[in-house]
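Reading the structure
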Amino acid sequence: MIATSLQKKLCMLGGFSVGKTSLIRRYVSSVFSDSYLTTVGVKIDKKTVDLDGRTVNLILWDLAGEDDLSSLRTSYLRGASGYLLVADGTRRSTLDVALSIQQRVETEFGPLPFALLLNKNDLKDQWTIADADVANLSLNGWWVRSSSARTGEGVEEAFRDLAIRVTG
Amino acid sequence: MEDLPSSVAARLRELTYRERAAAYLEVDAGINLVGAGGHLDRYGLANLCLGEPAVEQVFFLEGLLPLIETPYLFPSVELDNGCAADLHFHLDDGSVWVILLDVTDSRDAARRMQQKAYDVTLLQEKEALLNRRLEAANVALVAAQQELVAARDAAREALHRKQVELDEARTLQLALAPPPYRGVVGRLALTVDVILESAREVGGDLVDHFLVDDDLLVLVLGDVSDKGAAAALMMARTHALFRGLAARPDASALFRSPEQAVQLVNAALSQGNSSLMFVTLLIAAFDGKTSCLTYVRAGHVPPFLCRADCTVDRLEAAGGVPLGVMDGAPYESASVDLVPGDELVIVTDGITEAMDRSQDLFGDNRVAALMARRPRREEPLLDQLLAQVQAFEAGGPQSDDIAAILLKLEN
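Keep in mind it's a predicted model, so treat the numbers as computed, not measured.

Focus: the overall build of chain A
Helix and strand counts for chain A come out as four helices and six strands. Counting helices and strands in the order they occur from the N terminus, chain A gives β-α-β-β-β-α-β-α-β-α. Counting the 168 residues in chain A, one finds 42% classified as buried.

Quick notes on the sheet that holds strand S6 (residues 144-146) of chain A
Within the open sheet, the 11 strands sit side by side as S6(A)-S5(A)-S4(A)-S1(A)-S3(A)-S2(A)-S3(B)-S4(B)-S5(B)-S1(B)-S2(B). Their pairing is mixed. Looking at which strands have only one partner, the edges of the open sheet turn out to be S6 of chain A together with strand S2 (33-38) of chain B. Looking at each pair of strands side by side, their axes are set apart by 30° on average, direction ignored. Sheet analysis places strand S4 (residues 82-88) of chain A next to strand S5 (residues 114-119) of chain A, joined by six bridges and oriented parallel. Bridge assignment links A:Asp88 to a residue of S5(A), and that residue is A:Asn119.

Re the interface of chain B and chain A
Counting from both sides, the interface comprises 28 residues of chain B and, opposite them, 24 residues of chain A. Put simply, the parts of the chain that give the side of chain B that touches chain A at least two residues each are helix H2 (54-57), strand S3 (72-78) and helix H3 (104-176) of chain B. Looking at the side of chain B that touches chain A, the element that brings in the most residues is H3(B), giving nine residues. Considered class by class, the residues forming the side of chain B that touches chain A number 14 nonpolar, six polar and eight charged. Bridging between strand S2 (residues 42-51) of chain A and S3(B) involves two bridges; their strand directions are parallel. Counted as the bridge partner of A:Lys43 is B:Glu78 from S3(B).

Let's talk about the sheet that holds strand S6 (residues 181-185) of chain B
Residue and element names in this part refer to chain B. One open sheet holds the six strands; their spatial order is S6-S7-S17-S16-S12-S13, and the pairing between them is antiparallel. Lying at the two open borders of the sheet, with one neighbouring strand each, are S6 and strand S13 (312-314). Ignoring strand direction, the axes of neighbouring strands in this sheet form an average angle of 20°.

Digging into the packing of helix H1 (residues 20-29) of chain A against helix H4 (residues 155-167) of chain A
Residue and element names in this part refer to chain A. Remark: H1 packs on H4, axes separated minimally by 9 Å, with the N-to-C direction vectors making an angle of 90°. Taken together, H1 and H4 sit at an angle that is classed as roughly perpendicular. Mapping the contact onto sequence places Leu23, Arg26 and Tyr27 in H1 and Val155, Glu156 and Phe159 in H4. A per-class count over the contact of H1 with H4 returns four nonpolar, no polar and two charged.

Examining the environment of B:Ile346
All names here are of chain B. Structurally, Ile346 is set in strand S16 (residues 343-347). On the neighbour-count criterion, Ile346 (26 C-beta atoms within 10 Å) is buried. Remark: the alpha-carbon pair of Ile346 and Ala284, spanning 62 residues in sequence, is separated by 9.5 Å. In this structure Ile346 touches Leu219, Leu221, Leu282, Ala284, Pro303, Ala404 and Ile405, once residues within four positions along its chain are discounted.

Re the nonpolar core
Ranked by size, the top nonpolar core spans 72 residues in total, and within it B:Ile283, B:Ile346, B:Ala404 and B:Ile405 carry the most contacts. Beyond its immediate stretch of four places on either side in the chain, B:Ile283 contacts B:Val218, B:Val220, B:Pro258, B:Ala261, B:Val262, B:Tyr295 and B:Val296. Counting 67 residues, the second largest nonpolar core, distinct from the first, contains A:Val105, A:Phe159, B:Ala36 and B:Ala85.

Considering helix H8 (residues 363-373) of chain B
Residues and elements named next belong to chain B. Of all the positions in H8, only Val367, Leu370 and Met371 are classed as buried. What you see down the axis of H8 is that its buried residues fit within an arc of 95°, all on one side. Exposed residues on H8 whose side chains face more than 90 degrees from its buried face are Asn365 and Arg373. In the core, the buried residues of H8 are packed alongside strand S12 (304-306), S13, S16, helix H7 (349-352) and helix H9 (381-392).

Considerations on unusual backbone geometry
Residue and element names in this part refer to chain B. With an omega of 0°, the peptide bond between Leu65 and Pro66 qualifies as cis. Note that Pro66 resides in the loop between H2 and S3. At Asp93, a position not held by glycine, the phi torsion is positive, near 55°. You can see Asp93 is positioned in the loop between strand S4 (84-92) and strand S5 (95-102). According to the C-beta neighbour criterion, Asp93 is exposed, with 6 such atoms within 10 Å. The phi dihedral of Asp213 falls on the positive side, at around 65°, and the residue is not glycine. Tracing the sequence through the fold places Asp213 in the loop between strand S8 (205-212) and strand S9 (216-224).

Focus on the packing of H8(B) against H9(B)
Residues and elements named next belong to chain B. At a minimum axis distance of 11 Å, the contact between H8 and H9 shows a crossing angle of 140°. Considered as vectors, H8 and H9 are oriented oblique to each other. For the pair H8 and H9, the sense of crossing is right-handed. On H9, the residues that touch Arg366, Val367, Leu370 and Met371 of H8 are Leu381, Gln384, Leu385 and Gln388. Partitioned by chemical class, the residues of the contact of H8 with H9 number five nonpolar, two polar and one charged.

Description of helix H6 (residues 258-270) of chain B
Residues and elements named next belong to chain B. With 13 residues, H6 should cover 18 Å at 1.5 Å per step; its first-to-last C-alpha distance of 18 Å lies within 8% of that length. All buried positions along H6 are accounted for by Pro258, Glu259, Ala261, Val262, Gln263, Val265, Asn266 and Leu269. Taken together, the buried residues of H6 touch helix H4 (229-246), helix H5 (251-256), strand S10 (279-287) and strand S11 (292-298). Phi for Gly272, located one or two positions after H6, is positive at around 70°.

Rules used throughout
- Residues numbered from 1 in each chain as written.
- Chains lettered and ligands numbered in written order.
- Predicted model: local features only at pLDDT ≥ 70, side-chain atom pairs only at ≥ 80, totals over all residues.
- Helix = DSSP H or I, 4+ residues; strand = E, 2+ residues; numbered from the N terminus.
- Buried ≥ 20, exposed ≤ 12 C-beta atoms within 10 Å, placed from the backbone.
- Pairing = 2+ DSSP bridges.
- Axes fitted to C-alpha atoms, helices over the stretch in contact; angles between N-to-C directions.
- Contact = placed C-beta atoms within 7 Å.
- Nonpolar A, V, L, I, M, F, W, Y, C, P; charged D, E, K, R; others polar.
- Parallel < 35°, antiparallel > 145°, perpendicular 65-115°, else oblique.
- Core = buried A, V, L, I, M, F, W, Y, C linked by C-beta atoms within 7 Å.
- Arc of directions from axis to C-beta.
- Left-handed = near helix turned anticlockwise from the far one by under 90°.
- Expected span 1.5 Å × (residues − 1).

Limitation: the analysis is restricted to geometry and does not speak to function.
What follows is the structure, given as structure tokens:
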């Protein structure tokens, strides 16, 4: 007899090379690699977490990044309980991509819980996203967090926050 | 498939089932796994339990069941064992069927292509960012350069204005030095020559001579501490004070006892002298009726007196402190009789302390020697003295203001 446990599907969305796969590797395996390996299609990982005594399986769908030629395949989001939008703080254009993706997801799937991660916070000296942009998003009710897959800063907290919200 | 020749159908089955590692799952309406087969081990699904909940065993099914669209495809899904599969969902006879076909090779090929494209794009983005930063830096540099040019032009303009002002001040200062005098004072014919050369545009040396009555010639030579504009103003003030005394009704008495004139000027200069500037000064009053020269030496270089027989004496008496140092300082005068043929030279330390490249001083002896044994007596003495000093400095910058007065009693 297989015991049933709570499972939630979470998706990682964002432009290419913003660090989605690295964030999951940091979260699931506590490792980071400087070598960039692009994701094709989707990569699925599983992480079991304890949320205040409840064991929850997070099924993490790491979707290929969006670029000029291939837009997000929203079909992968079917059945998702929430998602993390990821932007690269050193590339202002990736914030615009994240905003665009959020609008399309909300149009197709309704208001799912999500958070915006401004990744690569370890490269703060190369930051191109203005504080005013972040402040405006926060004013609109967005959960905006800084993160670094390289150092691990903000990674655990981001997944945990979202997991709590989707299991609420 | 039944339309196909058996060989083709067999090959297709081979291609699909064996080479693409086909596997399937069957899930019933209760979301229980009721069937599974094919190359399940390829996808890490070897140990499935039929009749048990499907989602707990095949976690990628989370959220996808019950199926709301059929058939449905999730292309290129990488499972946790690294294998990539196309997941084909369809509904048939109450069961959801999931067919897995291995696409790892094509995924890897696509990844290589995609990787190169992204690398190029990232490079282009970095290049664009770098260009924008360079552009911004260039704009800032151009702005900074324009500010520097404007500041430089303003500084040049200000410098030019100051230069014009200094030139005007120099002209005015030189105008304070009187022209040579040739005439009779009392019963004696005499000449007075002067030189005044400032180390800068304006200087602190004071040269003056004037008559008080018909028989009293007053010579004044001063040297203000420091050089430049402040010294020039102090010099002009001292000059004005003596000229003011000369205009007084009691000028004759004042300058016949020149220590009185010196005391008055010292009192004026000492008041409010917060910058502690001072003036060394030699004032000499020559009485043409008695041939007596009465002088006061306020911290100044002793004058040189060359007699007609070419012996040179120094007038070292009547010493006192420089003007402006101490209000109420006492001053005394001393006197010496002159005869026709005598030459009196009063200099500032710009002459005696002129330095050559070895830091040696021109000194008093060279002045005395020139007066006693000058080779070309037809040439003006002060011109020769100045030429010797300049030659001694060997073309270097003049270190101090230079001033001198020559009084010569004609035979």
